[in-house]
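Here are the chains, one letter per residue:
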Amino acid sequence: MAMATVTSPTTDSARTMTVLDPACGDGRLLVAAADRLRATGHTVRTIGIDIDPTLTHPEGVDEFICADALDIDWSAVLPGGCADVVVGNPPFRSPLPRGQHTPSAPTADTGPYGDLALAFIDLSMTLVRPGGRVVLVLPTSVLASRDAGRVRRRAEQRAVLDTWWWQPDRVFDAHVDVCVLGFTVSSAPRTVTGSPVWSHVVTSSVGVPDLGTFTVDGTVGDRCRVSANFRDEYYALVDAVVPSSGAAPTRERPALVTSGVIDPWHCHWGERPVRFACCGPLASYRAFRGVGGTTVGAQGAGRRADPHGGSRG
Ligand SMILES: C[S@@+](CC[C@H](N)C(=O)[O-])C[C@H]1O[C@@H](n2cnc3c(N)ncnc32)[C@H](O)[C@@H]1O
């Protein structure tokens, strides 16, 4: 599928097409992409970059440069200024497993949990000519995570996400869910409103209907007055509401609809059990009110909760 997405950049087939992989490893993806393009009549020149100094010149790659793709003089690599196609399976590196809260890629303007792969999206967009293609294997976290938001926005300002691949099974050895995104670079900057998310790459594959575009204004705070907060009032709700598996709700004791029972177009209240207030629907605020802080078993095992003072991990 990733290969299929690189077969159609708009170009004159008589011209030599430059195909670049900025993190080429042993070059297999780059060579496969070039082979596909050649099979459709194009003349192709391949350029592979990789930071790994132990790599030898990959077979089938015309030009190989051992360098950090995020810190290289691209005008020297691409004398014409741009490639026709960028393909790649760039490094993924989330800062989370190492407990760091700093961006993996100093060059990427992302939030603290931004994956290194985001820097390669930004980079690829700057290296391809209008009408050219960018096709990258990426972690699925780029599709909707907050810290990929600015990169998604910049990508949409530059290109149209028009091809994608995703499947629920892990097809790579790495313990990470991946997708392939294919973009066609636009000839002029595109207007992007709001914060684009690309979750349709997954939802369209699993039959979740497209929710379309919502017209929204203001915030919840503009319409509601917050009269209770989680820490002080959460447990006090126990006797005032009917959780999903409780008795029939009444006007005095309405249903508690938690986010866990809401799916698109359907409320599962009464169908799905809900863990609310530690021990299930019947846990009583009064039961632990007398003992102050107590150990409760829900919302995280062994969490100490104080109905008057919040939780104490
Ligand atoms: C997941 S491998 C992909 C290799 C190849 N594209 C493939 O599909 O087999 C990622 C590659 O990125 C290279 N890499 C990591 N950081 C890089 C950087 N800053 N610049 C260039 N290459 C980098 C690694 O050395 C590694 O070969």
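In this report, we go over the structure that sits alongside the text. (Residues numbered from 1 in each chain as written. Predicted model: local features only at pLDDT ≥ 70, side-chain atom pairs only at ≥ 80, totals over all residues.)

## Considering helix α1 (residues 28–39)
Now for step 1: For α1, with 12 residues, the first-to-last C-alpha span of 16 Å sits near the 16 Å given by 1.5 Å per residue.
Now for step 2: The set of residues buried in α1 consists of Leu29, Leu30, Ala33, Ala34 and Leu37. Seen along its axis, α1 keeps its buried residues to an arc of 130 degrees; they face one direction.
Now for step 3: Looking at the packing, one finds that the buried side of α1 touches β1 (16–21), β2 (43–50) and β4 (83–88).
Now for step 4: Two residues or fewer after α1 comes Gly41, characterised by a positive phi angle close to 100 degrees. (Helix = DSSP H or I, 4+ residues; strand = E, 2+ residues; numbered from the N terminus. Expected span 1.5 Å × (residues − 1). Buried ≥ 20, exposed ≤ 12 C-beta atoms within 10 Å, placed from the backbone. Arc of directions from axis to C-beta. Contact = placed C-beta atoms within 7 Å.)

## Quick word on the environment of Ala67
Now for step 1: On the secondary structure map, Ala67 appears in the loop between β3 (63–66) and α2 (74–77).
Now for step 2: When the C-alpha atoms of Ala67 and Pro53 are compared, they prove to be 8.2 Å apart, with 14 residues separating the residues in sequence.
Now for step 3: Residues in contact with Ala67, not counting those within four places in the same chain, are Ile49, Ile51 and Ile72.

## Thoughts on the site of the ligand
Now for step 1: Near the ligand there are 19 residues, and of these Ala23, Gly25, Asp52, Ala69 and Asn89 occur at the shortest range.
Now for step 2: If you list the elements that add at least two residues to the shell around the ligand, you get α1 and β2.
Now for step 3: Within the shell around the ligand, the residues separate by chemical class into 10 nonpolar, 3 polar and 6 charged. (Near = placed C-beta within 6 Å. Nonpolar A, V, L, I, M, F, W, Y, C, P; charged D, E, K, R; others polar.)

## A few points about the sheet that holds β1
Now for step 1: The sheet built from 7 strands is open, its strands ordered β3-β2-β1-β4-β5-β7-β6 with mixed pairing. Both edges of this open sheet fall to β3 and β6 (159–166), since each of them pairs with a single strand only. On average, adjacent strands in this sheet sit at an angle of 15 degrees to one another, irrespective of strand direction. (Pairing = 2+ DSSP bridges. Axes fitted to C-alpha atoms, helices over the stretch in contact; angles between N-to-C directions.)

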